[in-house]
Amino acid sequence: MVLAAGEKPLIYPLVETGGGSVQEKERARLEEIIEKVNTLFEGELSDQDKLVYVNNVLLGKLLESTTLMQQAANNTKEQFASSPDLQSELTNAIIEALDAHTLMSTQALKSEAVRDGIKDILLNHARLWEALRARVGAGQPGAP
């Protein structure tokens, strides 16, 4: 960019390629997941609780399985879906998630230092404040 003396360039904010169509597809995918998990779980659980549990926690655990990686690479989706290893790995993922979350929650409840560390991460790295402000601006539930 060539500028004349004293001229200041205008810098426009970056936007995602496609002007939001990817975000709309992702939102539709997440809404479909929420609709499906709503039929599975009972009790006072938010959509976010259910979505994070299935789409992040369990999926993350299953993605760590070298057995499932190998089977996914070598089989069709239909063959993979009928694998007995998928069922056992899912059960293992549920147990591991319970163990990990219980351990972390117990440590957090017992230690002010852990809670302070979590608060620091949430505020300074996970953008909690910014996300809450964005929800208020988007008219999410709980907005004034």
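Our structure is the block above this text.
Residues numbered from 1 in each chain as written. Predicted model: local features only at pLDDT ≥ 70, side-chain atom pairs only at ≥ 80, totals over all residues. Heavy atoms only, no water.

**Q** Hey, could you run me through helix α5 (residues 84–110) in this one?
**A** Two residues of an α-helix separated by three or four positions point the same way, owing to the 3.6 residues in each turn. Here α5 spans 39 Å end to end across 27 residues, near enough to the 39 Å set by a 1.5 Å rise per residue. Along α5, the residues that are buried comprise A93, A97 and A108. Each element contacted by the buried residues of α5 is listed here: α2 (47–63) and α6 (112–124). (Helix = DSSP H or I, 4+ residues; strand = E, 2+ residues; numbered from the N terminus. Expected span 1.5 Å × (residues − 1). Buried < 20%, exposed > 50% of the residue type's maximum accessible area, 1.4 Å probe, protein only. Contact = heavy atoms within 4.5 Å.)

**Q** What exactly am I supposed to notice about the side chain of K50 here?
**A** Within the fold, K50 resides in helix α2. The charged side chain of K50 is buried without a salt bridge, its nearest counter-charge being D47 at 4.4 Å. A polar contact of 2.7 Å, which involves the side chain of K50, links it to the side chain of N38. Residue contacts for K50: discarding those within four places in its chain leaves V37, N38, F41 and L45. (Lys, Arg positive; Asp, Glu negative; His and termini not counted. Salt bridge = Lys/Arg side-chain N within 4 Å of Asp/Glu carboxyl O. Polar contact = N/O pair within 3.5 Å; in protein donor to acceptor, adjacent residues only side chain to side chain.)

**Q** Mind showing me how you'd approach the nonpolar core here?
**A** One recurring pattern in soluble globular proteins: nonpolar side chains tend to sit buried together. Counting residues in each nonpolar core, the largest one holds six residues, listed as V57, L58, L62, L68, A93 and A97. Listing elements by their share of this core, those giving two or more residues are α2 and α5. Ranked by the residues each element gives to this core, the list is headed by α2, at three residues. (Core = buried A, V, L, I, M, F, W, Y, C linked by side-chain atoms within 4.5 Å.)

**Q** What's the story with a nonpolar patch on the surface in this structure? I'm lost.
**A** The grouping of V114, I118, L122, L123, L128, W129 and L132 at the surface amounts to a nonpolar patch, some 580 Å² of accessible area in total. Elements supplying a minimum of two residues to the nonpolar patch: α6 and α7 (128–137). Residue contributions to the nonpolar patch peak at four residues, all from α6. With respect to the secondary-structure elements, L128 resides in helix α7. Residue classification places L128 among the partly exposed residues on the basis of a relative accessible area of 33%. (Patch = residues over 30% accessible without salt bridge, like charges linked within 9 Å, V, L, I, M, F, W, Y side chains within 5 Å. Areas by Shrake-Rupley, 256 points an atom, 1.4 Å probe, with all protein chains shown as cover.)

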